[in-house]
Amino acid sequence: MKLVLVILSVFSLIITNNKIDEINKLTKDAEESFFKGEYEKSIDNYKILIDSFGLSNEKVYLNLAHSYLLSKDTLKAIESYNHASHTENNEVKSIALQQLGNINEKKNKLEEALSFYKKSILADNTNNDSKFNYELVKKKIQENQNQNKDNKKNQENNKNSDKNQNQKSSKKNQEENK
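The structure displayed is predicted, hence computed values, not measured ones.

Reading the values: rules and limits
- Residues numbered from 1 in each chain as written.
- Predicted model: local features only at pLDDT ≥ 70, side-chain atom pairs only at ≥ 80, totals over all residues.
- Heavy atoms only, no water.
- Helix = DSSP H or I, 4+ residues; strand = E, 2+ residues; numbered from the N terminus.
- Buried < 20%, exposed > 50% of the residue type's maximum accessible area, 1.4 Å probe, protein only.
- Contact = heavy atoms within 4.5 Å.
- Expected span 1.5 Å × (residues − 1).
- Polar contact = N/O pair within 3.5 Å; in protein donor to acceptor, adjacent residues only side chain to side chain.
- Salt bridge = Lys/Arg side-chain N within 4 Å of Asp/Glu carboxyl O.
- Core = buried A, V, L, I, M, F, W, Y, C linked by side-chain atoms within 4.5 Å.
- Axes fitted to C-alpha atoms, helices over the stretch in contact; angles between N-to-C directions.
- Parallel < 35°, antiparallel > 145°, perpendicular 65-115°, else oblique.
- Left-handed = near helix turned anticlockwise from the far one by under 90°.
- Nonpolar A, V, L, I, M, F, W, Y, C, P; charged D, E, K, R; others polar.

1. Regarding the environment of aspartate 29
Note that aspartate 29 resides in helix H1 (residues 2-35). With a relative accessible area of 22%, aspartate 29 lands in the partly exposed category. Once the C-alpha coordinates of aspartate 29 and serine 42 are considered, the two residues, 13 residues apart in sequence, prove to be 7.3 Å apart.

Okay, structure coming up:
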């Protein structure tokens, strides 16, 4: 009986070590593919880590999101960044939120971007990129608001100018008809 337990223990260790070796190999391959710009291969490796090995490490989701984003699959990138942002690791959370801010900023969804940058800063106050982006987007929003005010003033001035022009034309027509 003891011999069976020892054999099972050794066999279990071998299987566990093989699984760890495979996880390490896939992680390394995914990272190398990413740095070579082979994003689809990187995505495939990260998906195997998640789906086949049940790895739910927030860094894996963050790297998967980066790969999706650079392969121009924004929807899957957003999904993976959202998943990565639900972590206790504040550095990873901050980076994921910052990337969501970047995506929204590129889509000109400035209010949403500002919100993500703020959450990113709250998650990790040392994230200077998010601080910079927050201030930049805040300034863009202010400029847009000022531009909208100027446009409204110009429209009102044009309206008044047109009204005055019409009144002058009407007077002139009345004088000519007399």
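2. Re the side chain of asparagine 45
Checked against the element boundaries, asparagine 45 lands in helix H2 (residues 39-51). Look at asparagine 45 and you get buried, because its relative accessible area is 10%. Those residues within four positions of asparagine 45 in sequence are excluded, and the remaining contacts are Leu26, Asp29, Ala30 and Ser33.

3. Quick look at helix H3 (residues 58-70)
In a regular helix each residue adds 1.5 Å, so 13 residues correspond to 18 Å; H3 covers 18 Å between its end C-alpha atoms and thus fits that length. Along H3, the positions that sit buried rather than exposed are Val60, Tyr61, Leu62, Leu64, Ala65, His66, Ser67 and Tyr68. Capping the start of H3, asparagine 57 holds a side-chain oxygen 2.6 Å from the backbone nitrogen of lysine 59, two or three residues further along. Backbone geometry just downstream of H3 places lysine 72 in the positive-phi region, at approximately 70°.

4. Digging into the pattern of salt bridges
Inspection of the entire model under this criterion finds three salt bridges. Among the ionic pairs, lysine 25 bridges to aspartate 29, the shortest N-O distance being 2.8 Å. A residue pair is termed a helical-turn pair when its members lie 3 or 4 positions apart in one helix, as lysine 25 and aspartate 29 do in helix H1 at four residues. Looking at lysine 25, the relative accessible area reads 47%, which means it is partly exposed. One salt bridge in this structure joins lysine 28 and glutamate 32, with 4.0 Å as the shortest N-O distance.

5. Here's the deal with the nonpolar core
The nonpolar side chains of a soluble globular protein tend to be buried, and buried together. Grouped together as the largest cluster of nonpolar side chains are 22 residues, with contacts concentrated most on Tyr46, Leu62, Leu64, Tyr81 and Ala84. Elements represented by at least two residues in this core include exactly H1, H2, H3, helix H4 (74-85) and helix H5 (90-106). Take this core: its biggest share by element is six residues, from H3. Not counting residues within four places of it along the chain, the set of residues in contact with tyrosine 46 comprises Ala30, Glu31, Val60, Asn63, Leu64 and Ser67. In terms of nonpolar packing, the next biggest core, distinct from the first, is built from eight residues, Leu110, Tyr117, Tyr134 and Val137 among them.

6. Details of the packing of H3 against H5
With their axes 10 Å apart at the nearest point, H3 and H5 run at an angle of 20° to one another. When the axis of H3 is compared with that of H5, the two are roughly parallel. Remark: the crossing between H3 and H5 carries left-handed chirality. Two secondary-structure elements touch here, H3 through Glu58, Lys59, Leu62, His66 and Leu69 and H5 through Val92, Ile95, Ala96, Gln99 and Ile103. Among the residues forming the contact of H3 with H5, the class breakdown is six nonpolar, two polar and two charged.

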